Amino acid sequence: MSQAEREGRLAEKIRFYARASLLIVDEIVYLPITTGGANLFFQLVNARYEKGAMILTSNRGFAEWGEVFGDPVVATALLDQLLHHAVVIQIEGASYRLRGHADLIPEHVCANAPITPPPPPNRRGRPPKTKNGATDH
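Residues numbered from 1 in each chain as written. Predicted model: local features only at pLDDT ≥ 70, side-chain atom pairs only at ≥ 80, totals over all residues. Heavy atoms only, no water.

You'll find the chain entered in an unreviewed UniProt entry as IstB-like ATP-binding domain-containing protein, with Pseudodonghicola xiamenensis given as the organism.

Engineer: Which parts of the structure should I look at to understand the nonpolar core?
Structural biologist: Buried together is how nonpolar side chains tend to be arranged in soluble globular proteins. Ranked by size, the top nonpolar core spans 17 residues in total, and within it I28, V29, F41, W65, F69 and L78 carry the most contacts. Only β1 (22-25), α2 (35-48), α3 (65-69) and α4 (72-83) provide two or more residues apiece to this core. Sort the elements by how many residues they give to this core and α4 lands first, with five residues. Look past the residues within four positions of L78 in its chain and what remains in contact with it is F41, F42, V45 and F69. (Core = buried A, V, L, I, M, F, W, Y, C linked by side-chain atoms within 4.5 Å. Buried < 20%, exposed > 50% of the residue type's maximum accessible area, 1.4 Å probe, protein only. Helix = DSSP H or I, 4+ residues; strand = E, 2+ residues; numbered from the N terminus. Contact = heavy atoms within 4.5 Å.)

Engineer: What am I meant to see in unusual backbone geometry here?
Structural biologist: Most peptide bonds take the trans form, and the phi angle of most residues other than glycine is negative. With a phi close to 60°, E27 is a non-glycine residue in the positive phi region. By secondary structure assignment, the location of E27 is in the loop between β1 and α2. Taking relative accessible area as the criterion, E27 reaches 30% and is therefore assigned partly exposed. At E50, a residue that is not glycine, the phi angle is positive and equals roughly 60°.

Engineer: Can you help me understand the side chain of Q81 in this one?
Structural biologist: Mapped onto the secondary structure, Q81 falls in helix α4. Within the local environment of Q81, its side chain forms a polar contact with the side chain of N46, the two groups lying 2.9 Å apart. Excluding its chain neighbours within four sequence positions, the residues that come into contact with Q81 are F42, V45, N46 and Y49. (Polar contact = N/O pair within 3.5 Å; in protein donor to acceptor, adjacent residues only side chain to side chain.)

Engineer: What am I meant to see in the packing of aromatic side chains here?
Structural biologist: Note on aromatic pairs: each is described by the distance of the centres and the angle between the planes. A complete count under the given rule lists four aromatic pairs for this structure. Each ring, one from F62 and one from W65, has its centre 5.9 Å from the other, and the planes form 65°; the classification is edge-to-face. With a relative accessible area of 25%, F62 lands in the partly exposed category. When the centroid spacing of 5.8 Å and the interplanar angle of 45° are considered together, the rings of W65 and F69 count as tilted. Of this pair, W65 and F69 both sit in helix α3, separated by four residues, roughly a single helical turn. Exposure class is identical for W65 and F69. Each is buried. Here a set of aromatic residues connected by ring pairs shows up, and it is made of F41, F62, W65 and F69. (Phe/Tyr/Trp six-rings, centres within 6.5 Å; stacked < 30°, edge-to-face > 60°.)

This is the structure:
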């Protein structure tokens, strides 16, 4: 397969995933991503930007994405688009899947690594109304 054919197939796949109303990416940055993979993922995120919803799960903090993607600039550009309208939910605690095997896991693995989510965005527009119709400042 020629380089042009390979690029055409990749562009077709990106268009396919960009059309979905919801795209779920489970365990993003779980393993290091090649430079080519990082660029493809950026193209996908860019194609979906403000067009479709995405749900991403990760066990890595945002500060680690530059290392995993191998390029802090690409990671920053990704996070810029992903977090623009995002709701970040941080789940802490023991793994549900490992609940029956906690005695087999070393203590240093069980320790929760703090992941600091970005601050909530500033609200734009009018303040929300209270029950009596007045605005709440």
